Amino acid sequence: MSITVAVARPIFPEVLERLRQHFTVVDNQEGKPWEAQAWAASLRHCDGVLTTMADTLNAQVLAGNTRLKVAANMAVGYNNFNLAELTALGVLATNTPDVLTQTTADMGFALLMACARRITESEQYLRAGLWRAWRYDFFAGAEVHGSTLGILGMGRIGQAVARRAHHGFDMQVLYNNRSPLPAETERALGASFVSRHELLERSDHVMLVLPYSPEMHHTIGQAEIARMKPGSHLINIARGGLVDEDALADALERGHLGGAALDVFENEPSVNPRLLAQQRMVMTPHTASSSLKTRLAMANLAADNLIDYFLKGSAKTPLNAAALKRVGE
Ligand code: DGY
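Cut-offs applied
- Residues numbered from 1 in each chain as written.
- Predicted model: local features only at pLDDT ≥ 70, side-chain atom pairs only at ≥ 80, totals over all residues.
- Heavy atoms only, no water.
- Pairing = 2+ DSSP bridges.
- Helix = DSSP H or I, 4+ residues; strand = E, 2+ residues; numbered from the N terminus.
- Right-handed = clockwise from strand over helix to strand, strands pointing away.
- Axes fitted to C-alpha atoms, helices over the stretch in contact; angles between N-to-C directions.

As a further point, take the pairing of strand 2 (residues 24-27). Two elements, strand 1 (residues 4-7) and strand 2, share 4 bridges in a ladder whose sense is parallel. Considered in strand 2, the bridge of Thr4 is made with Thr24. In this region the chain leaves strand 1, passes through helix 1 (residues 13-20) and returns to the parallel neighbour strand 2; the handedness of that crossover is right-handed.

What follows is the structure, given as structure tokens:
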């Protein structure tokens, strides 16, 4: 029986072609929304699936599915997967680490700079034809160089952000993570491990680079924002659910924060109207990893994982290697 693989969203035609050389491919190049039941039903006829972070694989979607063997996520984050459920069903899950690290860190820095230097806000003013004269305090923002950056989550991307901050901008880097980095890595990044409270209280800019799980929901809420320095900035390139958006809107409305930059939102692709109304918000539509080169590398890595699984019984970047034992069934 030929192997059938579903591709949940539009992807690069050349990646689709690679998959077609090995599998029967059910693709969704039109980008039709796969409403939960239809998604579950079509997956029952598939041996593998290539998903994006917007495609949920939970107990409901997987119920009664005895055929699926591998789910390749085209994202490093995999909170769209119920990993325990996939593992219990013997479905191998994979993600796309490393290939997007530098590009995502670049975007974190771009958002930090846009927010601190009020770039989108001043551009909107200019485009609206409101610029009449130079003023000494015109869109005066905050310093980036020499300031203090707090990074919550010091994995690969957090460290890539720290490297930019320390070596490129002479910033003091504070971080909080499940566990401290080795002393040698800390030295190379000029980064100091501090408690979450201390990080919030001392940083001029706070960047979130944490993985999301239900336990991490609203890691940054009213109490945490209240601890942040007046005039400081919050940047989120991780997952929207980490930030209580209403608490953020409250803080911006009160003028407690200097601004915020979000690439990710609680209810993507819907955006909280209170945030849309804020001048001091920089917002991008979940594009932190979106350079053409990186997105192609992510799609190819997800495809490699499917191909390797079915052709070689292995995977380049498995999340639950225990499920590899189903190979050959
Ligand atoms: C990731 O890789 O987790 C990104 O958020 C997807 O673009």
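Think of a sheet as strands paired side by side through backbone hydrogen bonds, with each pair either parallel or antiparallel. Within the open sheet, the 7 strands sit side by side as 8-7-6-9-10-11-12. Their pairing is parallel. Each edge of the open sheet carries a strand with a single partner, namely strand 8 (191-193) and strand 12 (281-283). With direction set aside, neighbouring strand axes in the sheet form an average angle of 15 degrees. Across 4 bridges, the pairing between strand 9 (residues 205-208) and strand 10 (residues 233-236) is parallel. Each bridged residue has a counterpart across the sheet, and for His205 the counterpart in strand 10 is His233.

Further remarks concern the sheet that holds strand 2. Here we have 5 strands laid out as an open sheet, ordered 2-1-3-4-5, and parallel in their pairing. One side of each edge strand has no neighbouring strand; the edge strands of this open sheet are strand 2 and strand 5 (92-94). Each strand of the sheet is rotated relative to its neighbour by a mean of 15 degrees, with strand direction disregarded. Summarising the sheet, strand 4 (residues 70-73) and strand 5 pair through 3 bridges and their orientation is parallel. Among the inter-strand pairings, Ala72 is bridged to a residue of strand 5, identified as Thr94.

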